[in-house]
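What follows is each chain in one-letter form.
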Amino acid sequence: MDEFRARIHDDLRGIIKGDLLFEPVERAPYALDASLYEIDPLGVVAPSTRDDLVALVRYVADQGIPLHARGAGTGLVGGCLGRGIVVDFSKHLRRIIEVRSDSVVVQPGVVLDVLNAQLAPLGRRIAPDPGRSEARTIGGMIAVDSAGARSLRDGSMVDYVERLAVVFANGEAAELALGPWPVADEEPADFQGAVARKVAMLLTWHADLIAHYRPRMPRRWPGYALTEVSRKGGLDLAKLIVGSEGTLALVTEATLRTVPIPPAQAVIVLSFARLNDAAEAAPQCLDDGPSACELHDWRSIRLVRDADPLFRDAIAEAAEAVLIVEFEGDDPDAVARQARALANRQARTGRLIADPFTTTRRSDCERLLGLRRAVVPLLMRSRDPARAVPLIEDVAVRPKDLAAFLNRLQELLRGQGVSWTLYAHAGAGQLHVRPFLDLSDARDIARLEPLATEVYDAVAEFGGTIADEHGCGLVRTQFLRKHYSELEVVFREVKNAFDPQNLLNPGKIVGDDPHLIVQDLRPLLVPGAAPGTPGALHVLSAPLIWPDGRRDEHVSACNACGACRSHEPTMRMCPTFRATGAEAASPRAKTHLLRQIASGVLDPKTWGSEELKSVADLCVHCNMCTIECPGGVDVSSLMLEAKAAFVEDHGLTTNDWLLSRVDLWSSLASRTPLMFNALMGHRGARWLLERMFGLSKHRQLPKAHRTTFLRRAERLGLTKARPRAPGPRVAFFVDIMANHFDQRLAEAVVAVLQHAGI
């Protein structure tokens, strides 16, 4: 730790009760999110209370150190990255404070799916439903004004925020909600009052300009929500915080309005021969009042049809595009009529290549509407060097312009020689477009800025917006001045009112770098590259033998989507992360730590070090993440590599040496069961085991038995070879525990085998 960083750490240690992560291995997971970028922070603080956060903000304001708020780190634009101190809200500030009849009060680290699971028994939910809801935090959703598939009807996060508890850039805590319009000639009593007065003046002075730039589409422009602040009855500064990407204030508590879950649901799948036919049909679907209208291209269709029988039944084999339209309501008959009316009308247009598929079964409706959830894991498992890149994934135009804009977009991408995939909230005109680029290739890196520039210019021609629900971050901030030139000046004045020192997430929304999009790109690895060439995995030795020979691909395959941070009980994800909530325990953090060592971002001496082993020890090799990981990354084997590298350099620790010989100690316990059982029942002996070997004194070990299972099975003749009998054969693999200790299991197995006549 360098001298400056060490001083900051020591200063904070005296005022912060939460976690301080300043060592290289501790900072490494916070250097990246799900975007293209990687920036090593000065340090990381995980505050445990609002008082912690207030103390931190006051300290950095005095020292002039930037702060970068971070939720789950699933953002696609680098919004939580920076060279200052990263504030991790997801570790401790994740309490659901109060659930009311029509609202909820939560801390910013609460995960959306966890919150909706609490609300479901009350028949309510949070209306915005963005992707990766199993990991996405409420604070992150507020930061980018998240929307989702149902934004067509439900709008975005700004429509549901009633009150925010925040900490301003000077360390002052405040409650923001709808309040009276400030009186211009009154001297404000506090910082909040001064901010309110400045914002009110800006809204008055620039009213015509704000009206001129008001979007001609369902969503607002990127940047600050100036159209949302002035409300009937006064000024609502909480609305201005929504979508501000942590640049105006830090949220410590949010009061959100909830909505009832409609009891009736229907989904229609419309299959088209051409993408443009689907785009032209999307605005026509809006006449029936759907809650969602989603568009998917041929690549998504091919992937899901091969993976799920439901999609094979719902989507025509020859389809090149589909619209998935949802209706929700209180009356099942009314919802069914709406669905039938749309299906019949679309069938008469002649565009469809198959009859519409309709279902009212809720589980099937949710699976069909969440087609993107099924596609993303399959897309990420591709090991092709060119991958779907989050670059222009958040543009939006008016729904009636969707088909024409898609034609223009295809021309631009063809002109750049780039293939792509697309998913759209077509009813709202929002497009998630991802070009396939190889960012280990300098030619593709050179395409990033020109490609984004051309696409955003085309969006402007159609009167659309370049950022709809993912924020600006490092990807789009440089384009705001060009596309919202006069309005961007107002953004700067708003930023200065809230944060005169420019310490809160500087460079996002308001920034001066004209080429920010190509700065701080994440170093990519090239599996199989010769040592010494760019991107080569030149550091990591390979103590273990990989059966598929693709260790290098696993090191570089994680895209930091955050699925491994899920608390969803139906997903088999990391139990260590769920128990601790620490980013370092998440599978993606472990994978990226190896990638950073291999790419030279971290000191190569970290490989085989005690610091790396401390992270590797957080993996218990349950292999759950390997099954669920969208990228198919074998984190367990990678951590075995890290542990093996440590053993190569340092040998086995005393504890590991003893525990690796558990078969010997078990055999000795069976020979002296009375002595072993007496020791294990003694409180002092268990305390000694905890102190010496880390085995918890609260752990009740099973009793050893003199007669092992294998010996008993041999006496009963169960181990003798027998002629093959008709019917199923049974094999029982006897582990050490079953053989020496777990006699109840042994007795049960013997009874079953004898009963079956085996």
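Structure's up top.
Since this is a predicted model, take the numbers as computed values, not measurements.

So, on to the overall build of the protein. Check the secondary structure of the protein and you find 33 helices and 22 strands. On C-alpha atoms alone, the protein measures out to a radius of gyration of 29 Å, which is about the 27 Å that the 2.2 N^0.38 rule sets for 758 residues. Over its C-alpha atoms, taken along the principal directions, the protein stretches across nearly 90 × 70 × 60 Å. For the protein, the proportion of its 758 residues judged to be buried stands at 55%. Long-range pairs, those at least 24 residues apart, make up 72% of the contacts in the protein with a sequence separation of at least 6. For the protein, the separation between the mean place of its 90 positive charges and that of its 95 negative charges on side chains is 7 Å.

The buried fraction of strand 22 (residues 430–437) amounts to eight of the eight residues, a majority that puts the element mostly inside the structure. Note that strand 19 (residues 387–388) and strand 22 share two bridges and pair antiparallel. In the sheet register, Ala388 faces strand 22, and the bridge partner there is Phe436. Sheet topology places strand 21 (residues 420–425) next to strand 22; six bridges connect them, and they run antiparallel.

Our focus in this paragraph is a positive patch on the surface. Positive charge collects at one region of the surface, where Arg671, Arg706, Arg711 and Arg715 lie side by side. Along the chain, Arg706 falls in the loop between helix 30 (683–693) and helix 31 (709–715).

The next thing to look at is the packing of helix 18 (residues 442–461) against helix 19 (residues 473–483). Two numbers describe how helix 18 lies on helix 19: the axes approach to 11 Å, and their chain directions differ by 45 degrees. Judged on the interaxial angle alone, helix 19 and helix 18 are oblique. As for how helix 18 packs across helix 19, the hand of that crossing is right-handed. Here helix 18 contributes Glu449, Ala452, Thr453, Tyr456, Asp457 and Ala460 to the contact with helix 19, which in turn contributes Val475, Arg476, Gln478, Phe479, Lys482 and His483. Taken together, the residues of the contact of helix 18 with helix 19 break down into five nonpolar, three polar and four charged.

A few words now on a nonpolar patch on the surface. A contiguous nonpolar patch, built from Val647, Leu652, Trp657, Val662, Leu664, Trp665, Leu668 and Ile736 and spanning about 650 Å² of accessible area, is present on the exposed surface. Per-element tally for the nonpolar patch: the top contributor is helix 28 (residues 662–671), with four residues. The topology assignment puts Trp657 in helix 27 (residues 654–659). Residue class for Trp657 comes out partly exposed when judged on its relative accessible area of 40%.

What follows is about the nonpolar core. The nonpolar side chains of soluble globular proteins are, as a tendency, buried together. Of all hydrophobic cores here, the largest spans 116 residues; its most connected members are Ile138, Leu226, Leu295, Leu323 and Phe498. With near-sequence residues (within four places) excluded, Leu323 lies in contact with Ile268, Val269, Leu270, Phe272, Ala278, Ala281, Ala282, Cys285, Cys293, Glu294, Leu295 and Ala426. Among the nonpolar cores identified, the runner-up in size contains 29 residues, and Val555, Val615, Val633 and Met639 belong to it.

Attention now moves to the sheet that holds strand 12 (residues 234–236). Taken in spatial order, the three strands of this open sheet run 10-12-11, and their pairing is antiparallel. Of all the strands in the sheet, the pair left with one neighbour each is strand 10 (178–179) and strand 11 (230–231). Relative to strand 12, strand 10 is paired through two bridges, and the arrangement is antiparallel. By the bridge assignment for strand 12, Leu178 is matched with Asp236.

So, on to the sheet that holds strand 3 (residues 67–70). By definition, the strands of a sheet pair up through backbone hydrogen bonds, in either a parallel or an antiparallel sense. Strands sit in the order 1-2-4-3 across an open sheet of four strands; the sheet is mixed. The open sheet has two edge strands with one neighbour each: strand 1 (19–21) and strand 3. On average, each strand axis in the sheet is inclined to that of its neighbour by 20 degrees, with strand direction left out of account. Across three bridges, strand 2 (residues 43–46) lies against strand 4 (residues 85–88) in parallel orientation.

Inspection of every chain in the model, using the stated rule, returns 37 salt bridges. One salt bridge in this structure joins Arg83 and Asp520, with 2.5 Å as the shortest N-O distance. Placement of Arg83 in the loop between strand 3 and strand 4 and of Asp520 in the loop between helix 20 (485–498) and helix 21 (551–557) is noted, with a sequence separation of 437 residues between them. Here Asp288 and Arg345 are joined by a salt bridge, their closest N and O atoms 2.1 Å apart. Taken together, the positions of Asp288 in the loop between helix 11 (275–285) and strand 16 (292–297) and Arg345 in helix 14 (residues 332–348) put the pair 57 residues apart, joining distant regions of the chain.

On to a negative patch on the surface. A cluster of acidic residues, Glu23, Glu26, Glu610 and Glu611, forms a negative patch on the protein surface. As for its placement among the helices and strands, Glu23 is situated in the loop between strand 1 and helix 2 (24–27). The partly exposed category is assigned to Glu23, whose relative accessible area is 35%.

Glancing now at the pairing of strand 15 (residues 264–272). Counting buried positions along strand 15 yields nine of nine residues, so the element is predominantly enclosed. Residues Ala264, Ala266, Ile268, Leu270 and Phe272 point to one face of strand 15 and Gln265, Val267, Val269 and Ser271 to the other, with burial holding for every one of them. In this structure, strand 15 lies alongside strand 18 (residues 357–359), joined through three bridges in antiparallel fashion. Across the sheet, residue Val269 finds its bridge partner in strand 18, namely Phe357.

What follows concerns the side chain of Gln596. Mapped onto the secondary structure, Gln596 falls in helix 23 (residues 587–598). Take Gln596: its relative accessible area is 1%, and that puts it in the buried class. At 3.3 Å, the side chain of Gln596 and the backbone oxygen of Ala28 are in polar contact. Setting aside chain neighbours within four positions, we find Gln596 in contact with Ala28, Ala31, Leu32, Glu38, Val601 and Leu602.

Tallied over the entire structure, the rule returns six aromatic pairs. Where Phe168 meets Phe498, the ring centres are 6.1 Å apart and the plane angle is 45 degrees; that geometry is what we call tilted. Note that Phe168 is positioned in the loop between strand 8 (161–167) and strand 9 (173–176) and Phe498 in helix 20, a separation of 330 residues in sequence. For the ring pair Tyr224 and Phe491, a centre distance of 5.5 Å and an interplane angle of 75 degrees mean the geometry is edge-to-face. Of this pair, Tyr224 sits in the loop between helix 8 (207–213) and helix 9 (226–229) while Phe491 sits in helix 20; the two residues are 267 residues apart in sequence, bridging distant segments of the chain. By relative accessible area, which is 0% here, Tyr224 ends up buried. Residue Phe491 is classed as buried on the basis of its relative accessible area of 0%. Taken together, the ring pairs connect Phe168, Phe191 and Phe498 into an aromatic cluster. Residue placement shows Lys613 over the ring face of Phe646; its charged tip is 5.4 Å from the ring centre.

As for its position among the elements, Gly84 is in the loop between strand 3 and strand 4. With relative accessibility at 0%, the residue Gly84 sits in the buried group. For the pair Gly84 and Arg671, spaced 587 residues apart in the sequence, the C-alpha separation amounts to 60 Å. When sequence neighbours within four positions are dropped, the list of residues in contact with Gly84 reads Pro41, Leu42, Gly43, Pro66 and His68.

Thresholds, definitions, all that
- Residues numbered from 1 in each chain as written.
- Predicted model: local features only at pLDDT ≥ 70, side-chain atom pairs only at ≥ 80, totals over all residues.
- Heavy atoms only, no water.
- Helix = DSSP H or I, 4+ residues; strand = E, 2+ residues; numbered from the N terminus.
- Rg over C-alpha atoms; globule rule 2.2 N^0.38 Å.
- Buried < 20%, exposed > 50% of the residue type's maximum accessible area, 1.4 Å probe, protein only.
- Contact = heavy atoms within 4.5 Å.
- Lys, Arg positive; Asp, Glu negative; His and termini not counted.
- Charge placed at Lys NZ, Arg CZ, Asp CG, Glu CD.
- Pairing = 2+ DSSP bridges.
- Patch = residues over 30% accessible without salt bridge, like charges linked within 9 Å, V, L, I, M, F, W, Y side chains within 5 Å.
- Areas by Shrake-Rupley, 256 points an atom, 1.4 Å probe, with all protein chains shown as cover.
- Salt bridge = Lys/Arg side-chain N within 4 Å of Asp/Glu carboxyl O.
- Axes fitted to C-alpha atoms, helices over the stretch in contact; angles between N-to-C directions.
- Parallel < 35°, antiparallel > 145°, perpendicular 65-115°, else oblique.
- Left-handed = near helix turned anticlockwise from the far one by under 90°.
- Nonpolar A, V, L, I, M, F, W, Y, C, P; charged D, E, K, R; others polar.
- Core = buried A, V, L, I, M, F, W, Y, C linked by side-chain atoms within 4.5 Å.
- Polar contact = N/O pair within 3.5 Å; in protein donor to acceptor, adjacent residues only side chain to side chain.
- Phe/Tyr/Trp six-rings, centres within 6.5 Å; stacked < 30°, edge-to-face > 60°.
- Lys NZ or Arg CZ within 6 Å of the ring centre and 35° of its normal.

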